[in-house]
Amino acid sequence: MSVHENLSVINDQKIKEKNFVNHYLTFRQQRGDRNTDPDTYSVGGELLSIGLRQSLKKGQNLGTFIEACRARLAQRIDEPEFLDLLEAMYFANDASGLFEVSPDFMLFKSGSSNSGNTKHVGEVLSGLLAESRTSIQAGGNNVNFLEHEILDEFKKIIDSFEPENKIASYLPFLADNFAKDFKLLCQYSGYMMHGLKAFIALYNFLYSSQLALNINSWKSEPESKPLFFILDTEKASTERKQVRSAVQELREKVADLFPMLSALEYLNQPDCKSATRYPLWAIRAYLQECSSSDREDLVNRLSIFLENYRDSRKLSPWVDPIAASDEILNAILMTSKEIFSKPGSGQLTVKKKVVSAFENEVARHFIQNRRRGGNVLTINQDYLLLLTNLAVGSESRLQFQRLIEEFQARGVWFDLQSQQALIEFYERVGNLERMSDSGDAVYVRKTI
């Protein structure tokens, strides 16, 4: 369904008692002290399914597959003791050994987790991949002849399909980089299985932080906004204002996410499962481009919705004049912020809990307290090497300034002091090349 079709029925939308967000957000309210990472295999399985255009045939699951493998291997092996050994190697403990043979087996886990956290992360990241329409080719597996038998059995239970994406990407610039990076990861099966958990955590943070930094810039298509990190071995001295202010500024932007996305739900037919969901900037772009008669009609419909929205939340009527499409969108979004800012209200509590969930679940790998320096965004050696490998991509090496640009394109920014620290780090770990015939040019190699 188009933006026009969604907005044409907005007057029919019943304003629900509770505010809700069903799309575009990877986290919700923090409900306890326990912080858990998303299930790697479940999210990885969803991504592989979208990228490979493959899914399990109807009726197939891990249990039926294991039984088929046991029968197949029993025909080729005469010694029962060896079969027991294979059982322990591949099929024991929920078949944990299988997932070390090939990433393909994560298709068994695709979307299988009951965790809300895993579900939200999987939906958003697989949406980024589906939006880019990137097709993935898995790298070859270095397997023995028995594992080859298991993979042959696996191919018998796989079907092809064409993914359908009903959610337009909020961050197209990041979707393109995510697809490119996941495609690279899939070319190195061993590295993928080793780094997939960190890859998901990194992109969960990059997506969520860039969504927060772009949410109020709904009059234009999102772009990578500056967000300054330091290496975890660096000092956050007082003159580094961009570094020291990053967490506080990000926290303030995150606070707007739940209110504004809850208003966006009503612009996308929340009760219609077949409706396509569009981001705020795409809805605004449509209202700018449509005919004047369509725009006037939709502004009138949105104005009636605004009146109902404010009345349902016991807010006084909107008094500022509304004639243009930007004015009505701004009024709806300002109303959503007003709802979540009432002192002592449950909505204000929800907003605070959502911000806590971002800090303690999504950003906990990247926010570090430096006591007198306050909270700063840091990146440790493991995440830095992963990010470097992704940014260098299909090249064997990348000129240093181009590498910095690739970092920025993914939402990771470094000031000049950190850039010097990066060069020293790459030199120390041995993946820096200084070109004697090209002045000060330095190149960074990837480690895969």
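Not measured: the values here are computed from a predicted model.

(A) Region of the structure containing the sheet that holds strand S8 (residues 442-445). One open sheet holds the 3 strands; their spatial order is S6-S8-S7, and the pairing between them is antiparallel. Of all strands in the sheet, those bounded by a partner on one side alone are strand S6 (397-399) and strand S7 (432-434). On average, each strand axis in the sheet is inclined to that of its neighbour by 30°, with strand direction left out of account. Bridge count between S7 and S8: 3 bridges; the pairing is antiparallel. Bridge pairing in S8 places Glu433 opposite Tyr443.

(B) Here's a closer look at the pattern of salt bridges. Using the criterion set out here, one finds 26 salt bridges in the structure. Between Arg70 and Glu67 there is a salt bridge; the shortest N-O distance is 2.4 Å. In this pair, Arg70 and Glu67 are both assigned in helix H3 (residues 62-74), 3 residues apart and thus about one turn of the helix distant. Looking at Arg70, the relative accessible area reads 32%, which means it is partly exposed. By relative accessible area, which is 46% here, Glu67 ends up partly exposed.

(C) Inspection of the confidence of the model for the protein chain at higher detail. Mean pLDDT over the protein chain stands at 92; residues scoring 70 or higher make up 97%. Confidence scores differ between elements of the protein chain, with helix H5 (residues 98-101) showing the lowest mean pLDDT of 87 and helix H12 (residues 280-289) the highest of 98.

(D) Region of interest: the packing of helix H2 (residues 40-52) against helix H9 (residues 189-214). For the pair H2 and H9, interaxial distance at closest approach is 10 Å and the crossing angle is 95°. With respect to H9, the axis of H2 lies roughly perpendicular. For the pair formed by H2 and H9, the contact residues are Thr40, Tyr41, Val43, Gly44 and Leu48 on the first element and Met192, Met193, Leu196, Lys197 and Ile200 on the second. Looking at side-chain class alone, the contact of H2 with H9 contains 7 nonpolar, 2 polar and 1 charged residues.

Calculation criteria
- All residue numbers refer to positions counted from 1 along the written sequence of the respective chain.
- It should be noted that, the model being predicted, local features are given only for residues of pLDDT at least 70 and side-chain atom pairs only at 80 or more, the latter also being counted only at that level, while totals for whole chains, interfaces and linings use all residues.
- The side-chain numbers reported here are obtained from all heavy atoms of the structure, hydrogens and water having been left aside.
- At least two DSSP bridges between two strands are required for those strands to pair.
- Elements are defined by DSSP. Helices are runs of H or I of four residues or more, strands are runs of E of two residues or more, and each kind is numbered from the N terminus.
- Axis lines are fitted through C-alpha atoms, for helices just across the contact stretch, and the angle between N-to-C directions can take any value from 0 to 180 degrees.
- Between Lys or Arg on one side and Asp or Glu on the other, a salt bridge is scored when a side-chain nitrogen of the former is within 4 Å of a carboxyl oxygen of the latter.
- The rule is simple: take the accessible area with a 1.4 Å probe, protein chains only, and divide by the maximum for that residue type; under 20% is buried, over 50% is exposed, in between is partly exposed.
- Along the chain, pLDDT gives the predictor's confidence residue by residue, from 0 to 100.
- An angle below 35 degrees is read as roughly parallel, one above 145 as roughly antiparallel, one from 65 to 115 as roughly perpendicular, and any other as oblique.
- The contact criterion used throughout is that any non-hydrogen atoms of two residues lie within 4.5 Å.
- The residue classification treats Ala, Val, Leu, Ile, Met, Phe, Trp, Tyr, Cys and Pro as nonpolar and Asp, Glu, Lys and Arg as charged. All others, Gly included, are polar.

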